[in-house]
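Summary of structural features
Residues per chain, in single letters:
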Amino acid sequence: MMLDAAASQYWRTVALSFVLCEVLYHAAHAIINRAATSINAVDRATLALKTVNIVHACVSGPVACYFLFFGGDAALTGAVHRARALDYEYAPQLFSSHVGADQALSLTCWTVGFFAWDLYRIGQWAKGGHAEKKLLIVHHVLSITVWPLASLYRVAGPFLLHYEYTELSSPFLQLRWVAQLFCGRGSRADALASFLFALAF
């Protein structure tokens, strides 16, 4: 069975996002290999991955913020205001209505591609606890599974955009790792990045 036009475009964009992430990763890796010879090869590869993470967050977060608060969609703006006012009677419509559906459809495909790419590059993830890595894998797999369904069925638009909006804090989390790599744990740079992440989150 052939996909309809919206689904076909969505998955083409997912694939394009994956490819762009991989191209950016190799470009960043090549630059880092030449410029950051003081750190080991594993950390250089992780730094290249962090670069892609930062670029993704610096695009998806602000775009979602624009859609939610400044995009001029009266229905979406109204939904955001009613959600912030804890309007319980309106709450089911945040999921079941088509509010924010076009915006979610246009944005989540890029992030789904990024999540798929991030899983593909799992070998370059920063060293961390086993439980933390498992949680991140579950997060990515669930998002890759659920976000396209919600987007293509045009439901839960405000929720999807909110999840994208929370990416605004992600660059500071990635920069915290960079600060620890170059300046050490507990350094002023580490403390500043941690503070900014907590503030943005």
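Note that the coordinates shown come from a computational prediction; the quantities given were computed from them, not determined experimentally.

About the cut-offs
Residues numbered from 1 in each chain as written. Predicted model: local features only at pLDDT ≥ 70, side-chain atom pairs only at ≥ 80, totals over all residues. Heavy atoms only, no water. Axes fitted to C-alpha atoms, helices over the stretch in contact; angles between N-to-C directions. Helix = DSSP H or I, 4+ residues; strand = E, 2+ residues; numbered from the N terminus. Parallel < 35°, antiparallel > 145°, perpendicular 65-115°, else oblique. Left-handed = near helix turned anticlockwise from the far one by under 90°. Contact = heavy atoms within 4.5 Å. Nonpolar A, V, L, I, M, F, W, Y, C, P; charged D, E, K, R; others polar. Core = buried A, V, L, I, M, F, W, Y, C linked by side-chain atoms within 4.5 Å. Buried < 20%, exposed > 50% of the residue type's maximum accessible area, 1.4 Å probe, protein only. Phe/Tyr/Trp six-rings, centres within 6.5 Å; stacked < 30°, edge-to-face > 60°.

**Thoughts on the packing of helix H2 (residues 41–70) against helix H5 (residues 101–120)**
Put simply, H2 and H5 touch, their axes get as near as 11 Å, and they point 165° apart. Judged by the inter-axis angle, H2 sits roughly antiparallel to H5. As for how H2 packs across H5, the hand of that crossing is left-handed. Facing H2, whose interface residues are Leu49, Val52, Asn53, His56, Ser60, Val63, Ala64 and Phe67, H5 presents Gln103, Ser106, Leu107, Thr111, Phe114, Trp117 and Asp118. In the contact of H2 with H5, the residues fall into 8 nonpolar, 6 polar and 1 charged.

**Comments concerning the environment of leucine 152**
With respect to the helices, strands and loops of the structure, leucine 152 is situated in helix H6 (residues 130–152). Measuring from C-alpha to C-alpha, the distance between leucine 152 and leucine 168 comes to 24 Å, with 16 residues separating the pair along the chain. The contacts of leucine 152, once residues within four sequence positions are left out, are Ala6, Ala7, Tyr10, Trp11 and Leu105.

**With respect to the nonpolar core**
Core analysis: the biggest nonpolar cluster contains 38 residues, and Tyr25, Trp117 and Leu161 have the highest contact counts within it. Mapped onto this core, the elements with two or more residues apiece are helix H1 (5–35), H2, helix H3 (74–84), H5, H6, helix H7 (157–165) and helix H8 (170–183). Excluding residues within four positions of it along the chain, tryptophan 117 makes contact with Phe18, Cys21, Glu22, Tyr25, Leu49, Val52 and Asn53.

**Things to note about the packing of aromatic side chains**
Taken as a whole, this structure holds 10 aromatic pairs when the rule is applied. Ring geometry for tyrosine 10 and tryptophan 11: centres 5.6 Å apart, planes at 75°, overall edge-to-face. Judged by relative accessible area, tryptophan 11 falls into the partly exposed class, the value being 36%. Between tyrosine 66 and phenylalanine 67 the ring centres are 6.1 Å apart and the planes differ by 50°, which places this aromatic pair in the tilted class. Tyrosine 66 sits in the partly exposed class, given a relative accessible area of 44%. Under the relative-accessibility criterion, phenylalanine 67 is labelled buried at 18%.

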